[in-house]
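Breakdown of the fold
If you want the building blocks of each chain, they are given just below.
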Amino acid sequence: MKFPWSYKKLNKIFLHARYPDINELQGEFLVDILSFLPSLKRFSHRKVMYTTAKTQLGHNVISGRKWGRFSVSEGTFKESDFLKSVRLNYDLDNNFFLLKYIRDYIRCLEENTLYIGKFYYLVHGYPVLIGYFSLKKIQ
């Protein structure tokens, strides 16, 4: 899928995407930044998500190095009429303190294949939209 560059058009795609079953988000996903920030695709940016005995977790990988661990949960996205999404929450003890303010919200475009996400950074407790990204399942 070719994504537009416009935040307005990307938001429309996000709003019309469906809420994914949290269990779909298992395994490795290629990440492509769709707006504002430079894409890290050439560095093989991936998100890896897995289930432990207690919860669902994940981390990012860039050039073979792990960084930015997160928890995966169902979340309600307040900024879009309380749209149900899967939330990636970076507020974990083992993260560098600046990473703890990242929140990603994910919706599904193609079941078990393609997802669109919004990347937020909390500033004084308020989410500030940084950009959009896509996740493509690695088979």
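I will try to describe carefully the structure that is included in this document.

The rules behind the values
- Every residue gets a number counted from 1 within its own chain, in the order that chain's sequence is written.
- Confidence filtering applies because this is a predicted model: local features only for residues at pLDDT of at least 70, side-chain atom pairs given and counted only at 80 or more, and all residues used for totals across whole chains, interfaces and linings.
- Calculated side-chain values reflect all of the structure's heavy atoms, with hydrogen atoms and water omitted.
- The definition of a nonpolar core used throughout is a set of buried Ala, Val, Leu, Ile, Met, Phe, Trp, Tyr and Cys residues joined through side-chain atoms within 4.5 Å.
- Partly exposed residues are those whose accessible area sits between 20% and 50% of the maximum for their type, while under 20% is buried and over 50% is exposed, using a 1.4 Å probe and protein chains only.
- For the purposes of this entry, the term helix denotes a DSSP run of H or I that reaches at least four residues, the term strand denotes a run of E that reaches at least two, and both are numbered from the N terminus.
- Two residues qualify as a contact provided that any one of their heavy atoms is within 4.5 Å of a heavy atom in the partner residue.
- Between N or O atoms, a polar contact is any pair within 3.5 Å; within protein, one atom must be a potential hydrogen donor and the other a potential acceptor, and residues adjacent in sequence are included only when both atoms are from side chains.
- Note on ring pairs: Phe, Tyr and Trp rings are taken, using the six-membered ring of Trp, and paired if centres are within 6.5 Å. Classes follow the plane angle, with under 30 degrees stacked, over 60 edge-to-face and the rest tilted.
- Consider the ring centre and the ring normal. A charge sits over the ring if Lys NZ or Arg CZ is within 6 Å of that centre and within 35 degrees of that normal.

The next subject is the nonpolar core. For soluble globular proteins, nonpolar side chains are generally found buried alongside one another. Counting 19 residues, the largest nonpolar core has Met 49, Val 72, Leu 88, Ile 106, Tyr 115, Phe 133 and Leu 135 as its most contacted members. Within the residue set of this core, elements represented by two or more residues are strand E1 (27-33), strand E4 (65-77), strand E5 (83-89), strand E6 (102-110), strand E7 (114-123) and strand E8 (126-137). Once you skip the residues sitting within four places of it in the chain, Leu 135 turns out to touch Phe 29, Leu 30, Val 31, Lys 47, Met 49, Ile 106, Thr 113, Leu 114 and Tyr 115. Counting residues in hydrophobic clusters, the runner-up holds 12 residues, among them Leu 10, Phe 14, Leu 114 and Tyr 120.

Tracing the backbone shows Glu 24 in the loop between helix H1 (7-16) and E1. Accessibility expressed as a relative area gives 9% for Glu 24, which makes it buried. Of note is the side chain of Glu 24, whose polar atom sits 2.7 Å from the side chain of Arg 18.

Further remarks concern the packing of aromatic side chains. The description of an aromatic ring pair rests on the distance of the ring centres and on the angle between the ring planes. Applying the stated rule across the entire model yields six aromatic pairs. Residues Phe 29 and Tyr 115 carry aromatic rings whose centres are separated by 5.8 Å and whose planes lie at 80° to one another, so their mutual orientation is edge-to-face. With Phe 29 in strand E1 and Tyr 115 in strand E7, this residue pair connects regions lying 86 residues apart in the sequence. An identical accessibility class is assigned to Phe 29 and Tyr 115; each is buried. Look at Phe 96 and Phe 97: their rings are 5.0 Å apart centre to centre, the planes differ by 55°, and that puts the pair in the tilted class. Its guanidinium or amino end placed over the ring of Tyr 19, Lys 84 lies 4.7 Å from that ring's centre, counting from NZ or CZ.

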